[in-house]
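# Understanding the architecture of this molecule
Now for the letters of each chain:
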Amino acid sequence: MPAKTPLRLHNLGIGSLHGVDLTVAPGEIVCLSGASGSGKSRLLRAVADLEPHDGEVTLGDLVQGRVPGHRWRAAVMLVPAESQWWAETVVAHFPPEHRLDLTPIGFDDAVMGWSVSRLSSGEKQRLALARAVARQPEALLLDEPTANLDADSIRRVETWLQELIRERRLPVLWVAHDQAQIERVGRRHFRLRNGTLEQA
Amino acid sequence: MDVIELSWWELGLASLLVVALAAVAHLARLGLGKDILIAAARTVLQLALIGLVLEALFSVGSLHWVALMALAMLLIAGREVMARQKRRLSGGWAFGIGTVSMFLSSFTVTVLTLTVIIGPDPWFTPQYAIPLLGMMLGNTMTGVALGLDRLTDGVWRQRQLIENRLMLGESWSQAIADIRRDAMRSGMIPIINAMAAAGVVSLPGMMTGQILAGSPPALAVKYQILVMFTITVGTGFGTVAAVMAGSRRLFDERERLRTDRLHTVS
């Protein structure tokens, strides 16, 4: 069963950021915004343990430094703004025998046979989200998940993610630019300024 | 049959041809004229020196001196492996990984060949040990250098891809598997090709030398086959070991990709 555990950041520090304390409840979406270079992406990288950093992150009983790195990242999954694809076909990037319905984000089953080279940037972004949630993570870190989408797809992806997050009770950090999107999806919103989080 | 003596003035004649090539290169503005002359001078100097060293070594023939010579050859090969990488692991790891993996593969295979197969008495007789080790190291060095260069360069170019795979929960070893396989292949392919072309396209240098020195071709061929096998084994295992160790070093204990451990040499 999906975890029902909060994601806790305690005294986290990376780059110019320091002393970040934050608790994200299961099923809650916390939005992060800030000028470019304020360290939003690096903060997510620290939570996913992709860079050396200070402080502690826990997901329920799971403590970041106490489980192998891949085990942690399989639970606390970061979806970057720019996705990378290593195999020829879409299906090779998904776990075998996943049962994720892709119709809500505008794909039918045939998409699995598509070649990656013919995907548009918008399709890549939607499929990158799909291949991440298909791996059954227990928390999500989304770095501008709708940056490459048109207005219509943005609303579809938002609705799909919100439902999924509520259903699976995932704690989520969502980096966004658009104020309207932040109001639509986030219960709480923080701005990164002068190396700390400010509640907005 | 005795070997026909070569005198220094006869070598001088051959060197005139090299000078002619350098002149042509200079006139054609290849930017290689000086390089050719310097390299030719280095050949003369280095080979003359090694000739003196080998003569001394053969007359002494003690294990200490053979071991010292082997160590010097290993360290020079290690330096060469490092110099051939565009992006190197910093903090002495580029030299360390290359040297240790060459030591493990070349020395093991050479000692095994000497003691079990050729069997000179004593086993470290320098006439056998030094040329054999030299051929092993020379080829292993190429394989290890190619493998490590391909590994570090591939990781640098595809660092975002590797990180994306890590983000999806893959282990470091899964995330780098494609690049690692590529690096091992590129280290091993030259020697496999050399084996496949031996005798058809190229007459291997060692065999040619042995025939020139008066050996019956059948014996020279047997030695050449043995040498081909041993250098393939040495190169193969050396490349595998170096690429495995190098790829491990590119990740830390949290399985993070650490491209900050690479530095680029211009």
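Residues numbered from 1 in each chain as written. Chains lettered and ligands numbered in written order. Predicted model: local features only at pLDDT ≥ 70, side-chain atom pairs only at ≥ 80, totals over all residues. Heavy atoms only, no water.

### Observations regarding the sheet that holds strand β7 (residues 139-143) of chain A
Residue and element names in this part refer to chain A. To keep it simple, the criterion reads: At least two DSSP bridges between two strands are needed for those strands to be called paired. In this text, helices come from DSSP runs of H or I with a minimum length of four residues, and strands from runs of E with a minimum of two, each type numbered from the N-terminal end. The axes used here are C-alpha line fits, helices contributing only the stretch in contact, and every angle between their N-to-C directions lies in the interval 0 to 180 degrees. Two residues qualify as a contact provided that any one of their heavy atoms is within 4.5 Å of a heavy atom in the partner residue.
Sheet architecture is open: 6 strands sit in the order β6-β7-β8-β3-β9-β10, paired in mixed fashion. Strand pairing shows two members of the sheet lacking a second neighbour, β6 (76-79) and β10 (196-199), which therefore form its edges. Along the sheet, successive strands turn relative to each other by an average axial angle of 25°, direction set aside. Here β7 runs beside strand β8 (residues 172-175); their pairing, made up of 4 bridges, is parallel. The residue bridging leucine 141 from the neighbouring strand is leucine 173, located in β8. Across the sheet, helix α3 (residues 121-133) touches β6 and β7, and the angle it forms with β6 is around 170°.

### Points about the confidence of the model for chain B
Put simply, the test is: Every residue is assigned a pLDDT by the predictor, reflecting its confidence on a scale from 0 to 100.
Scored by pLDDT, chain B comes out at a mean of 94, with 99% of its residues at no less than 70. Per-element confidence in chain B ranges from a low mean pLDDT of 89 for helix α9 (residues 205-212) of chain B to a high of 98 for helix α6 (residues 159-167) of chain B.

### Topic: the interface of chain A and chain B
You'll often see interface size given as the accessible area lost when the parts meet. Here is the rule we go by: Two parts lose some accessible area (1.4 Å probe) when they are put together, and adding that loss for both gives the buried area. Put simply, a salt bridge is a Lys or Arg side-chain nitrogen that is within 4 Å of an Asp or Glu carboxyl oxygen. In protein, a polar contact requires one atom able to donate a hydrogen and another able to accept it; more generally it is a pair of N or O atoms within 3.5 Å, and residues adjacent in sequence count only if both atoms are side-chain atoms.
On the side of chain B, 16 residues touch chain A, which itself brings 26 residues to the contact. A buried area of about 1,800 Å², summed over both sides, lies between chain A and chain B, and 51% of it is on carbon and sulfur atoms. Ranking the residues of chain A by area buried against chain B places Arg73, Gln84 and Trp86 of chain A at the top, with a combined share of 34%. Counting every contact that joins chain A to chain B gives 3 salt bridges. Of the charged contacts in the structure, one is a salt bridge between glutamate 163 of chain B and arginine 45 of chain A, with a shortest N-O distance of 2.8 Å. Where chain A packs against chain B, one counts 11 residue pairs in polar contact (both at pLDDT 80 or more).

### Describing the pattern of salt bridges
To keep things clear, this is the line we draw: The cut-offs for exposure are 20% and 50% of the maximum accessible area for each residue type, with area from a 1.4 Å probe on protein chains only; residues under the lower value are buried, those over the upper are exposed, and the others partly exposed.
A complete count under the given rule lists 20 salt bridges over all chains for this structure. Arginine 256 of chain B is paired through a salt bridge with aspartate 49 of chain A; the nearest N and O atoms lie 2.6 Å apart. Within this pair, whereas arginine 256 of chain B is found in the loop between α10 (217-249) and β2 (262-264), its partner aspartate 49 of chain A is found in the loop between α1 (40-47) and β4 (54-59), the two belonging to separate chains. Classification of arginine 256 of chain B by relative accessible area gives buried; the value is 8%. Looking at aspartate 49 of chain A, the relative accessible area reads 1%, which means it is buried. Aspartate 252 of chain B is the salt-bridge partner of arginine 256 of chain B, the closest N and O atoms lying 3.1 Å from each other. Assessed through its relative accessible area of 2%, aspartate 252 of chain B is described here as buried. Through salt bridges with shared partners, a single ionic network connects Asp49 of chain A together with Asp252, Arg254, Arg256, Arg258 and Asp260 of chain B.

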